[in-house]
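Chain by chain, the residues run as shown.
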Amino acid sequence: MKKLLAVLMALTLVLAFAACTKQPADTVDETQKTLIMGTNAAFPPYEFVADDGSFAGIDVEIAQAVAEKLGMKLEIKDMEFNSLISAVQGGSIDIALAGMTVTDERKESVNFSDTYAKGVQVVIVKEDSAIATVDDLDGKTIGVQAGTTGDIYCTDDYGQENVKQFNNGALAIQALLNGQVDCVVIDNEPAKAFVAANEGLKILDTSYADEDYAAAIAKENTELLDNFNKALAELKADGTIDKIVEKYINAD
Ligand code: ARG
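Here's a quick rundown of the structure.

Cut-offs applied
- Position numbers for residues start from 1 in each chain and track the written sequence from start to end.
- The model is predicted, so local features are restricted to residues of pLDDT at least 70 and side-chain atom pairs to those at 80 or more, both for listing and for counting; the totals for chains, interfaces and linings are taken over all residues.
- Think of the side-chain values as coming from all heavy atoms in the structure, minus any hydrogens and water.
- Being paired, for any two strands, means DSSP has found at least two bridges between them.
- Where helices and strands are cited, they refer to DSSP runs of H or I of at least four residues and of E of at least two residues respectively, numbered from the N terminus.
- Grid points spaced at 1 Å over the protein atoms alone were grouped into cavities, where a 1.4 Å probe fits but cannot get out, and pockets, open sets with protein on both sides within 12 Å along at least five of seven lines, with lining residues defined by an atom within 4 Å of a point.
- Grid points are joined across faces, edges and corners, and a volume is the space filled by probe spheres set on the points.
- Polar here means any residue outside two lists: the nonpolar Ala, Val, Leu, Ile, Met, Phe, Trp, Tyr, Cys and Pro, and the charged Asp, Glu, Lys and Arg; Gly therefore counts as polar.
- Neighbouring residues are identified by heavy atoms, a residue being near a molecule or strand if any of them is within 4 Å of it.
- Residues adjacent in sequence count toward polar contacts only when both atoms are side-chain atoms; beyond that, a polar contact is any pair of N or O atoms within 3.5 Å, and within protein one must be able to donate a hydrogen and the other to accept it.
- Put plainly, a molecule is in a cavity or pocket when over half of its atoms are within 2 Å of the grid points there.
- Here, axes are lines fitted to C-alpha atoms. For helices the fit covers the stretch in contact, and angles between N-to-C directions go from 0 to 180 degrees.
- In what follows, roughly perpendicular refers to angles from 65 to 115 degrees, roughly parallel to angles under 35, roughly antiparallel to angles over 145, and oblique to any angle outside these ranges.
- Each helix crossing is assigned a hand: it is left-handed if the near helix lies turned anticlockwise from the far helix by less than a right angle, otherwise right-handed if that turn is clockwise.
- In this analysis, two residues are considered to be in contact whenever any of their non-hydrogen atoms come within 4.5 Å of each other.

Some remarks on the sheet that holds strand S4 (residues 55-56)
If you trace the 3 strands from one edge of the open sheet to the other, you get S2-S3-S4, paired in antiparallel fashion. Of all strands in the sheet, those with a lone pairing partner are strand S2 (42-43) and S4, marking the two edges. Bridging between strand S3 (residues 47-49) and S4 involves 2 bridges; their strand directions are antiparallel. Looking at the pairing, Phe48 lines up with Ala56 of S4.

Below, the structure written as structure tokens:
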């Protein structure tokens, strides 16, 4: 009995000691705020799933760098591009970083950060295609990623009946290779990645639209908007953003 009591007392002491000496670092980790980023990770080189299953790309690394500056932990939620704006509005994500183009219509639903990259909508066709310029798209079947600016512009310009929506760029490219669509309209950098990964495709020299990419944040979360912009400005100034972009896009 005495022995048991001694053991119990020793145990109590050890536990009490452990509680007192809890590392401050642990405490910080537990209370560290999480920045939840939503994206659609099928858009290389801005966001994609790497071979090891982790998220990679320009947007992912920019978000990581910003989160670090803000003393926050980054969590990434992969979803359909089409769901990102409503996810920001509903609060299931804090921020959408997805090579997202700033448009007036989207600005009615969310705030955009300062821009961090330029995009161009381009046209991908099969190498032997008769389509030579944007002017040849009339009456052709155009593949797009649903809800993207490529989708919106093409639907406006060529009519809903000529536009086929896909859940991501890779599926649109598959449809082009299968002959289900005559071309794909998508952002230039993913276009380059898709053309490099598939035989027999090319990008038309004439581009379709120029745009700016920015992060989308809920209208009421002006604190995050300010903090994000401040961190982004610092990362632009110290060359971090350039370095991240150069890692994924070879200047040519
Ligand atoms: N820039 C285009 C847009 O904002 C396409 C973005 C698609 N991004 C993505 N991660 N799938 O509509």
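From this point, things continue past the structure.
Examining empty space enclosed by the protein
One pass over the structure, following the stated rule, counts 1 cavity of 30 Å³ or more. Empty space within the largest cavity amounts to approximately 80 Å³. Considering the residues around the largest cavity, the lining is formed by 13 residues, among which Phe43, Phe81, Ala98, Gly99 and Thr148 are closest to the centre. Within the lining of the largest cavity, the residues separate by chemical class into 3 nonpolar, 6 polar and 4 charged.

What to know about the site of the ligand
In the vicinity of the ligand there are 15 residues, among which Asn40, Ala98, Thr101, Thr149 and Asp187 approach most closely. At 2.8 Å from an oxygen atom of the ligand is found a side-chain nitrogen or oxygen belonging to Arg106. More than half of the atoms of the ligand fall within 2 Å of the grid points belonging to the largest cavity. Taken together, the residues of the shell around the ligand break down into 5 nonpolar, 6 polar and 4 charged.

A word on the packing of helix H3 (residues 58-69) against helix H10 (residues 240-248)
For the pair H3 and H10, the least separation of the axes is 9 Å and the interaxial angle reads 155 degrees. In this view, H3 runs roughly antiparallel relative to H10, as classed from their interaxial angle. Note that H3 runs across H10; the crossing there is right-handed. Residue-level inspection shows Ile58, Glu61, Ile62 and Ala65 of H3 in contact with H10, the latter providing Thr240, Ile241, Ile244, Val245, Lys247 and Tyr248. Split by residue class, the contact of H3 with H10 holds 7 nonpolar, 1 polar and 2 charged.

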